[in-house]
Amino acid sequence: MSLALWGLKKSPWLYHVALSPCNNCDIEILDVLTPRFDVERFGIKLVGSPRHADALLVSGSINHHVKPRFIELYKQTAKPCVVFAIGSCALSKTMFRDSYNFDPHPLDEVVKEIDPNGIVAYIPGCPPKPEAIILGVLKALQSL
Amino acid sequence: MIESGIISIVKFVLIVIGILILGLFTSWLDRKVTARVQARVGPPWFQPVADIIKLLGKETLVPEGSGRTVFLLSPLFGLAGIALAAALLGHVMLWPDEGFIGDVVVLVYLLIIPTVALIIGASSSGNPIASVGASREMKLILGYELPYLIVIATVIYKAGLDLRLGSIINSQFQSGLNFWSISGVIGFVVLLLSTQAKLGLVPFDIPEADQELMGGIITEYSGPPLAVIKITKAMLLAIMPLFMVALLLGGIRLQGLLILWSILKYLVIVVLIVLIRNTNPRLRIDQAMKLFWGPVTILAIIGLLLAFWGL
């Protein structure tokens, strides 16, 4: 395993992207970052700027307003980076799949459109528990 | 001649690497003590090294509207400044008789360079958030440098008006630590607050306010330039407590039992800084300015007057 990959696995910095969700997933993401679950022992840290981030925690579905902004934000994240789709809305839009204002493509197709080598990891749940989010992030890092 | 020159260069490189390792250890200690205060475990010992290795492996993104050369060069200027300060401070603390007249003044100048380099880099990045962070950092420098310099003047006066860090350390060795006098205690409090502001730690982490300004002064940096900035901050985290130990607590002596006493002095200052960081909210920039130009400067001037009267 190369040194850069070891560094990426031991120190993933998170940036929280909320694409107009209902905020349940955001509450669970904020819970993950509290001292109770102590994600700092894995080296995980919340950063304020997407340029510093290794992992984008995306919640909510992409709608027409957010799509160009999300594309800009993905381009501003320094590669290599992993996009984590948190919750059912980010995975497959569930009940909003036929809505008028949501983009016809779910998150992973939008990411692959901008960047065919983009890595997307899926954490299902509505909303997923903090333990599930931690498990998903660690499994994705292990499989890199 | 050439051999002694090569030996000096090797010595300085080793001192700078030593302070870098000390800085990385101190930043791990900061995160571990913070974790224990918050009743959790905290990161493993290699975490700061892993952060820097990871940052070196990412790509460098340069924003479109930025001045590319200045943007990429300013972290390197900051690193050069702090490396020179580390070499000077380490050399004078290990061998107090080998400084030069005015090395305290040179050290204070060199310690301002990393902050100014960050301000220049943030201003050249073309991001309004970074420019707000840069303006706040400029105001903060105006705030904390004044009491800092007054305390250094106090310590120079107590050492007999000799502008050498070596004579400050030696005079403490002969006539007792500066800390055991009232002006020393006042100087300790003022220096602690100024160090907290210089290191950019809560309650004074105003330029890089995570929750208010996305990344503040370092928003647009990514990859290797960000790794250089993190290395600079780690070395600053080691140098500022060491400077405080030299000015007020008698410096480092590497002889027998005094090694433990030196380590204890350094660790007490670092743990005090971390505990202040964990128990305070962040100040607004105008509150911080009023604090530094009001009570803290008055306290520093009182310390200077007490030193004139021999206390």
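Report follows, based on the coordinates. For every chain, the first residue of its written sequence is number 1, and the numbers climb from 1 along that sequence. Going through the entries in the order they are written, you letter the chains from A and number the ligands from 1. Local features in a predicted model are, by the rule used here, given only for residues with pLDDT of at least 70; side-chain atom pairs are given and counted only at 80 or more, and totals for whole chains, interfaces and linings are based on all residues.

1. As for the overall build of chain B
Here is step 1 of the chain: Scanning chain B from terminus to terminus reveals 10 helices and 0 strands.
Here is step 2 of the chain: Its helices and strands taken in sequence order, chain B reads α-α-α-α-α-α-α-α-α-α from the N to the C terminus.
Here is step 3 of the chain: Each radius of gyration is computed over the set of C-alpha atoms, and the globule rule expresses the reference value as 2.2 Å times the number of residues to the power 0.38. For chain B, whose C-alpha radius of gyration is 19 Å, the value lies close to the compact-globule estimate of 19 Å for 311 residues.
Here is step 4 of the chain: With the C-alpha coordinates aligned to their principal axes, the bounding extent of chain B is approximately 60 × 50 × 40 Å.
Here is step 5 of the chain: Each residue is represented by a C-beta atom placed from its backbone, and any two residues with such atoms within 7 Å are regarded as in contact. Contacts spanning at least 24 positions in sequence make up 80% of the contacts within chain B whose residues lie at least 6 apart. Going along the chain from the N terminus, every DSSP run of H or I of four or more residues is numbered as a helix, and every run of E of two or more is numbered as a strand.

2. Remarks on the overall build of chain A
Here is step 1 of the chain: The secondary structure content of chain A amounts to 6 helices and 5 strands.
Here is step 2 of the chain: At 14 Å, chain A has a C-alpha radius of gyration in line with the 15 Å of a compact globule built from 144 residues.
Here is step 3 of the chain: Principal axes of the C-alpha set define a box for chain A whose edges measure 45 × 30 × 25 Å.
Here is step 4 of the chain: As a rule, residues whose C-beta atom has 12 or fewer other C-beta atoms within 10 Å are exposed, those with 20 or more are buried, and those in between are partly exposed; C-beta atoms are placed from the backbone. Burial status across chain A gives 41% buried among its 144 residues.
Here is step 5 of the chain: Taking as baseline every contact in chain A between residues at least 6 positions apart, the subset at least 24 positions apart corresponds to 83%.

3. So, the interface of chain A and chain B
Here is step 1 of the chain: Counting from both sides, the interface comprises 20 residues of chain A and, opposite them, 26 residues of chain B.
Here is step 2 of the chain: The element contributing the most residues to the side of chain A that touches chain B is helix H1 (residues 3-10) of chain A, with 5 residues.

4. Thoughts on the nonpolar core
Here is step 1 of the chain: By convention in this section, buried Ala, Val, Leu, Ile, Met, Phe, Trp, Tyr and Cys residues joined through C-beta atoms within 7 Å make up a nonpolar core. In this structure, B:Ala85, B:Ala86, B:Leu89, B:Met235, B:Ile239 and B:Ala246 are the most contacted members of the largest nonpolar core, which totals 80 residues.
Here is step 2 of the chain: Here this core takes 19 residues from helix H8 (residues 224-248) of chain B, the largest share from any one element.
Here is step 3 of the chain: If sequence neighbours within four positions are ignored, B:Leu89 has contacts with B:Leu107, B:Ile239, B:Leu242 and B:Phe243.
Here is step 4 of the chain: Listed in part, the 33 residues of the second largest apolar core include A:Ala55, A:Ile62, A:Cys89 and A:Val120.

5. Description of helix H4 (residues 103-123) of chain B
Because an α-helix packs 3.6 residues into every turn, residues spaced three or four apart end up facing the same way.
Residue and element names in this part refer to chain B.
Here is step 1 of the chain: Between its first and last C-alpha atoms H4 spans 31 Å; for 21 residues at 1.5 Å apiece the expected length is 30 Å, and the two agree.
Here is step 2 of the chain: The quantity called bend is, for any residue, the angle between two axes fitted respectively to the seven residues ending at it and the seven beginning at it. The largest bend in H4 comes to about 25 degrees, at Pro-114.
Here is step 3 of the chain: Val-104, Leu-107, Leu-110, Leu-111, Pro-114, Thr-115, Ala-117, Leu-118, Ile-119, Gly-121, Ala-122 and Ser-123 are the residues of H4 that are buried.
Here is step 4 of the chain: Tucked into the core, H4 has its buried residues touching helix H3 (68-94), helix H5 (128-158), helix H6 (165-175) and H8. Multiplying one less than the number of residues by 1.5 Å gives the expected span of a helix.

6. Overview of the environment of B:Pro207
Residues and elements named next belong to chain B.
Here is step 1 of the chain: You can see Pro-207 is positioned in the loop between helix H7 (182-198) and H8.
Here is step 2 of the chain: Spatially, the C-alpha atom of Pro-207 lies 35 Å from that of Ile-9, the residues being 198 residues apart in sequence.
Here is step 3 of the chain: With residues up to four places along the chain from it excluded, the contact list for Pro-207 reads Gly-133, Arg-136, Glu-137, Leu-140, Gly-200, Gly-216 and Ile-217.

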